[in-house]
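A closer look at the structure
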Amino acid sequence: MSLADQLTRENIRGLVPYASARRSMSGGDIWLNANESPFANEYQLDSSVLNRYPDFQPSKLIESYASYAKVSKDQVLASRGADEAIELLIRTFCENDDQILICPPTYGMYAISAETCNIATKKVPLKPDFSLDLEAITQATDKVKLVFICSPNNPTGTSVDHEQIKAVLDIFKDKAIVAVDEAYIEFSADNTTAGWVNDYPNLAVLRTMSKAFGLAGIRCGYTLANKDIINAMSKVIAPYPISWPVAQIATQALSAEGLDRMQSQLQQINAQKQIIVDALDSLDYVYEQVPSDSNFVMFRTKAKQALFKALVENGILIRDYSSQIMLDDSLRISVGSESETQALLNVMTNFSGN
Ligand SMILES: *Cc1c(COP(=O)(O)O)cnc(C)c1O
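The model shown is predicted, which means the values in this text are computed figures rather than measured ones. (Residues numbered from 1 in each chain as written. Predicted model: local features only at pLDDT ≥ 70, side-chain atom pairs only at ≥ 80, totals over all residues. Heavy atoms only, no water.)

**Concerning the pattern of salt bridges**
Following the criterion strictly, the structure yields ten salt bridges and no others. Between R80 and E84 there is a salt bridge whose closest N-O contact spans 2.4 Å. Judged by relative accessible area, which is 12%, E84 ranks as buried. Among the salt bridges present, the one from R207 reaches E182, with a minimum N-O distance of 2.9 Å. Separated by 25 residues along the polypeptide, R207 in strand 7 (residues 203-208) and E182 in the loop between strand 6 (177-181) and strand 7 bring together distant segments of the chain. (Salt bridge = Lys/Arg side-chain N within 4 Å of Asp/Glu carboxyl O. Buried < 20%, exposed > 50% of the residue type's maximum accessible area, 1.4 Å probe, protein only. Helix = DSSP H or I, 4+ residues; strand = E, 2+ residues; numbered from the N terminus.)

**Some words on the side chain of S113**
Within the secondary structure, S113 sits in helix 6 (residues 109-116). With relative accessibility at 3%, the residue S113 sits in the buried group. Look past the residues within four positions of S113 in its chain and what remains in contact with it is I86, E87 and I90. (Contact = heavy atoms within 4.5 Å.)

**Structural notes on the packing of aromatic side chains**
In this description, an aromatic ring pair is defined by two values, namely the gap between the centres and the angle between the planes. Under the definition given, this model contains nine aromatic pairs. Geometrically, the ring pair formed by Y65 and Y68 is edge-to-face, given 5.3 Å between the ring centres and 65° between the ring planes. Highlighted residues: Y65 and Y68, both in helix 4 (residues 59-69), separated by three residues, approximately one helical turn. Note on accessibility: Y65 and Y68 belong to one class, buried. (Phe/Tyr/Trp six-rings, centres within 6.5 Å; stacked < 30°, edge-to-face > 60°.)

**Describing the site of the ligand**
In the vicinity of the ligand lie 13 residues, with A82, Y184, T208, S210 and K211 positioned nearest. Here an oxygen atom of the ligand and a backbone polar atom of D83 are 2.9 Å apart. At 2.9 Å from an oxygen atom of the ligand is found a side-chain nitrogen or oxygen belonging to N154. Within the complex, the protein chains bury 94% of what would otherwise be the 390 Å² of accessible surface of the ligand. (Near = heavy atom within 4 Å. Polar contact = N/O pair within 3.5 Å; in protein donor to acceptor, adjacent residues only side chain to side chain. Areas by Shrake-Rupley, 256 points an atom, 1.4 Å probe, with all protein chains shown as cover.)

**Quick notes on the sheet that holds strand 6**
If you walk across this open sheet you meet the seven strands as 2-8-7-6-5-3-4, and the pairing is mixed. The sheet is open, and its two edges are formed by strand 2 (76-79) and strand 4 (120-123), each paired on a single side. When strand polarity is set aside, the average angle formed by the axes of neighbouring strands in this sheet is 25°. Taken together, the five bridges between strand 5 (residues 144-150) and strand 6 define a ladder with parallel strand orientation. By the bridge assignment for strand 6, F148 is matched with A179. Across the sheet, helix 9 (residues 227-236) lies against strand 2, strand 6, strand 7 and strand 8 (221-225), angled at about 135° from strand 8, the strand it touches most. (Pairing = 2+ DSSP bridges. Axes fitted to C-alpha atoms, helices over the stretch in contact; angles between N-to-C directions.)

**A closer look at the packing of helix 5 (residues 81-93) against helix 9**
Where helix 5 meets helix 9, the axes come as close as 9 Å, and the angle between the chain directions of the two elements is 95°. The pairing of helix 5 with helix 9 is recorded here as roughly perpendicular in orientation. Across the interface between the two elements, A85, L88, L89, R91, T92 and F93 from helix 5 touch I229, A232, M233 and V236 from helix 9. Looking at the contact of helix 5 with helix 9 residue by residue, the class counts come to eight nonpolar, one polar and one charged. (Parallel < 35°, antiparallel > 145°, perpendicular 65-115°, else oblique. Nonpolar A, V, L, I, M, F, W, Y, C, P; charged D, E, K, R; others polar.)

**Thoughts on the UniProt feature "domain: Aminotransferase class I/classII large" (unreviewed entry) in the chain**
Listed under "domain: Aminotransferase class I/classII large" (unreviewed entry) in the UniProt record, and renumbered for this structure, are residues 42-346. Between the C-alpha atoms that bound residues 42-346 the distance is 30 Å, and the span itself is 37% helix and 18% strand. (UniProt positions renumbered as here; feature names shortened; annotations may be inferred.)

**Points about the UniProt feature "modified residue: N6-(pyridoxal phosphate)lysine" (unreviewed entry) in the chain**
UniProt tags K211 as "modified residue: N6-(pyridoxal phosphate)lysine" (unreviewed entry). Each residue touching K211, except ones within four places of it in the same chain, is listed here: A34, N35, S37, A183 and Y184. Of the polar contacts made by the side chain of K211, one reaches the side chain of Y184; its length is 3.1 Å.

**Here we look at helix 9**
Among all positions in helix 9, only I229, I230 and M233 are buried. Along the axis of helix 9, the buried residues cluster in a sector spanning 95°; they form a single face. Exposed positions of helix 9 whose direction lies more than 90 degrees from the buried face are D228 and K235. Packed against the buried residues of helix 9 are strand 2, helix 5, strand 6, strand 7 and strand 8. Of the residues that open helix 9, the one with a side-chain oxygen 2.9 Å from the backbone nitrogen of D228 is N226. (Arc of directions from axis to C-beta.)

**Thoughts on the side chain of T223**
Examined against the element boundaries, T223 turns out to sit in strand 8. Residues contacting T223, with those up to four places away along its chain left out, are Q75, V76, L77, A85, A204, V205, L206, I230 and M233.

**Some remarks on empty space enclosed by the protein**
Under the definition given, this model contains two cavities of 30 Å³ or more. If you add up the space inside the largest cavity, you get close to 60 Å³. Every residue lining the largest cavity is listed: C103, P105, T106, L126, F130, L132, F148, I149, C150, N153, T158 and V160. Looking at the lining of the largest cavity residue by residue, the classes come out as nine nonpolar, three polar and no charged. Its boundaries defined by the atoms lining it, the second largest cavity holds a volume of some 50 Å³. Along the walls of the second largest cavity sit N41, Y43, A212, F213, A253, G258, R261, M262 and Q265, which together make up its complete lining. Counting residues per element, the lining of the second largest cavity draws most heavily on helix 11 (residues 256-282), at four residues. Of the residues that constitute the lining of the second largest cavity, the class distribution is five nonpolar, three polar and one charged. Shared between two domains, the lining of the second largest cavity holds at least three residues of each, these being domain 1 (3-39 + 258-349) and domain 2 (52-256). (1 Å grid on protein atoms, 1.4 Å probe; cavity = no way out; pocket = protein on both sides within 12 Å on 5 of 7 lines; lining within 4 Å. Points joined across faces, edges and corners; volume = space filled by probe spheres on them. Domains from an automatic or database assignment.)

Next up, the structure:
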């Protein structure tokens, strides 16, 4: 055993890191595996401030996001992606025997972040229709300090019913923070729970610039919550989490012009999604697809391995979820540009099914 291995914390030694799309797959020239936007937009950079440390929370950025999300400025914390917000919640609220509760199949980083902090994860699987199992959650509250609900959920694309989210907030009232991960909320804007932060002291809403805004490369996300939760997380976050270039770019993306552009790109993505959904409907080897409120589509096929391989051979990367709980035979396609959709469907319609 190397010295590093000997000295590594025990919970880290056995940890398998998150198999992000970028880490686990390389090559290919059409990336439909990380739910990114196909649009790369242009931004201005003012380098005259780069000799100075950035503001702890750049004020224009926070104002812009608060206005966009319709919350007040003291209800927003910007972080290095929503991923950092997930970790901050765990580090701020969980210790020793505390646990997080998740409802798989869902986003993989909740459990991995908890593991790096030596916090146990309690799993209450979704029901077969991908709704929450409220009875099981009610039975599972012991030791739970933090609950993650992903809506729209990655990788299923399904939204959680508002009544169900309210029920979870009530079950954990006075007991645990409920984090609603809204990474894909722009694709289902009416479903946001951001407006509830005034009514539920245990609600934290997670957001990101990585998906609809097309800014996965800058690493910028937000937590929306009442100011007491924000203040607690502010004690844990790094002193200068948002660099000036990130703040400048994200602020431009949230300007009136930036928001218009995001909305128009969102419509283009939705149009491509519809084309993919219709095509999947017509393919004999696809036996189910899940209606999606997001920028990706999950479907089931017995020919998952052969199809995946055929796509890779044509430089197209999608994501295989078939080894996960409740996701037998499931593949997920992120919606890309018009030409990417055509390349994808060209392979998929010519694929024979075995
Ligand atoms: C992509 C994604 C994130 C991560 O967002 P970043 O802001 O890029 O860190 C968080 N949650 C879900 C559900 C996601 O799909």
